Amino acid sequence: MNYNFSTIIIGAGLTGLSTAALLQKKQKDYFLLEKNITIGGKISSSNVDGWPIDHGFHVFIKEYPNLSLFPDLKQCKLINFEPGFIIIKNQKAYKNINIFKKFFDGLLYNHFPGFSLKDKFLILKLSLMPPKNLPKNGSVLDFLSGYGFSKEFINDFFVNFFQGVFLDKKLDVPLSYFLFIFKMFSISDVGLPVGGIQEIISIMSKRIPESKIKTGVSISEIYKNKIITNEGNEYHFKKLVCTDSSLEKKFDVAIRRNLFDEIYYNSTKCFYFIVKPENNQENIIHLLPQSEAISNLYFRRRNNKEMLMSVSTLNSKATVEDIKKQILEHFPKINIIKFYQSFEIKKALPRNKKFFNFNNENFCKYNENIFFAGDFLSSPSINGCLESSKSLVRFLS
């Protein structure tokens, strides 16, 4: 079968869906192809025993600027995380309040070993820093050290908090992006949709007619003006939008530039356990700087007798027993009822700084007909996906 469309989008993750939704709003001709049976890509959840379980650690930041593109996303009902964090050191818990939400409480009561008064004031100073004052080059960790933060605070807070955001212990992201995310966590409500992170995809999909999406389509080859599927169908296009860098490998040699060979991705694993409530505070991020495997965790109450414990790690080789051992080392009194489920996201977030804010456009014009868009060309976040889609559709229009 042969099909013809003005614009074809490959990939029904957040970038593909938002690109389609923006084209739909402009009444442009398009068609969306997805290799999986379900849509959403990396943003997915499962419903287990009536309980939404996200595939990996996700957060929804309500002040992301590009959520204004789709106001219904900002109306998404959230279970908010408590502003702040709990840090576990030597089996003792220290609760720290977001100083930007409760200034005097945070200034007076926030503490844990290694968190000095100087560090508190530097946190405030950093939050007020204009992006233009950042050094043009250098690593995040070198910048924080040169800024005056103590070595212990850098490790215990910055590394342990933001490794769960960037999926990288070295925080190897552009300084401007680090400062942006730091400020977002400082000022915004942060949480998860009541029905799981998949709610974001459900909201976006309502903007796109079912007739404009086809799932379960595997791409075999991509040529200058057409796509051939594994079933032998041909999709002809005037413009093609690819939302996954690996699609370049499907290109005919006559058009392939090997532009994305240098893109690499960080992975993450998330483990869920059912535990008995033992004065564990729910809906607040826990940091474990002395853990060899756990990057962060949080609790959520299921009922009066059970809590769901979500544990994330950057160690792709970590097993259930490895994680249980680490949990018991830091929470010796915890009662783990059972292991629930685990998920591994192998291509969770891009990690090559070369492609951040690509060419100051957040998308790639590969040739006259073919374009790439996605968080790998903008910034690795929900906001980055939307930014890339917005910039591309503005160019195409």
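For clarity, every value in this text was computed on a predicted model and none was experimentally measured.

Basis of the calculations
- Residues numbered from 1 in each chain as written.
- Predicted model: local features only at pLDDT ≥ 70, side-chain atom pairs only at ≥ 80, totals over all residues.
- Heavy atoms only, no water.
- Helix = DSSP H or I, 4+ residues; strand = E, 2+ residues; numbered from the N terminus.
- Rg over C-alpha atoms; globule rule 2.2 N^0.38 Å.
- Buried < 20%, exposed > 50% of the residue type's maximum accessible area, 1.4 Å probe, protein only.
- Contact = heavy atoms within 4.5 Å.
- Lys, Arg positive; Asp, Glu negative; His and termini not counted.
- Charge placed at Lys NZ, Arg CZ, Asp CG, Glu CD.
- Core = buried A, V, L, I, M, F, W, Y, C linked by side-chain atoms within 4.5 Å.
- Axes fitted to C-alpha atoms, helices over the stretch in contact; angles between N-to-C directions.
- Parallel < 35°, antiparallel > 145°, perpendicular 65-115°, else oblique.
- Left-handed = near helix turned anticlockwise from the far one by under 90°.
- Nonpolar A, V, L, I, M, F, W, Y, C, P; charged D, E, K, R; others polar.
- Salt bridge = Lys/Arg side-chain N within 4 Å of Asp/Glu carboxyl O.

Visitor: Just give me the short version of the overall build of the protein, but keep the residues and values in it.
Guide: Helix and strand content of the protein: 10 helices and 20 strands. Relative to a compact globule of 397 residues, whose C-alpha radius of gyration would be 21 Å, the protein shows 22 Å and is just as compact. Across the 397 residues that make up the protein, the buried fraction comes to 55%. Sequence-distant contacts in the protein: of pairs separated by 6 or more residues, those separated by 24 or more amount to 70%. Taking the average location of the 53 positive side-chain charges in the protein and that of its 37 negative ones, the two points are 3 Å from each other.

Visitor: Outline the nonpolar core, supporting the account with residue identities and numerical values.
Guide: Counting 80 residues, the largest nonpolar core has Leu126, Phe149, Phe158 and Phe162 as the members making the most contacts within it. In this structure phenylalanine 149 touches Asp119, Leu122, Ile123, Leu126, Leu144, Ile154 and Phe158, once residues within four positions along its chain are discounted. Phe5, Val217, Ile227 and Leu259 belong to the second largest nonpolar core, which has 28 residues in total.

Visitor: Before we move on, could you go through the packing of helix 4 (residues 117-127) against helix 5 (residues 140-147) and cite the residues and values that matter?
Guide: Interaxial distance between helix 4 and helix 5 falls to 11 Å at its minimum, and their mutual angle equals 120°. By the criterion of interaxial angle, the relationship of helix 4 to helix 5 is oblique. Both helix 4 and helix 5 take part in a crossing whose hand is right-handed. Counted together, Leu122, Lys125 and Leu126 of helix 4 and Phe143, Leu144 and Tyr147 of helix 5 form the full contact between these two elements. Broken down by class, the residue content of the contact of helix 4 with helix 5 amounts to five nonpolar, no polar and one charged.

Visitor: Explain the pattern of salt bridges residue by residue, including any values.
Guide: Across all of its chains, the model carries 13 salt bridges by this definition. Put simply, lysine 354 and glutamate 262 hold a salt bridge, and the shortest N to O gap is 3.3 Å. One end of the pair, lysine 354, is in the loop between strand 18 (336-350) and strand 19 (363-365); the other, glutamate 262, is in the loop between strand 13 (234-242) and strand 14 (265-275), with 92 residues separating them in the sequence. Relative accessible area serves as the criterion here: at 40%, glutamate 262 is assigned to the partly exposed category. Salt-bridge contacts for glutamate 387 lead to lysine 390; the nearest nitrogen and oxygen are separated by 3.3 Å. Taken together, the residues glutamate 387 and lysine 390, both in helix 10 (residues 382-396) and three residues apart, mark about one turn of the helix. A relative accessible area of 22% places lysine 390 in the partly exposed class.

Visitor: Which residues make up the packing of helix 4 against helix 6 (residues 151-166), and what values go with them?
Guide: Describing two packed helices takes the angle between their axes plus the distance from one axis to the other. Here helix 4 crosses helix 6 at 50°, and the two axes come no closer than 12 Å. The angle between the axes of helix 4 and helix 6 places the two elements in the oblique class. The way helix 4 lies across helix 6 gives a crossing that is right-handed. Of the residues in helix 6, those touching helix 4 at Asp119, Ile123 and Leu126 are Phe153, Phe157 and Phe158.

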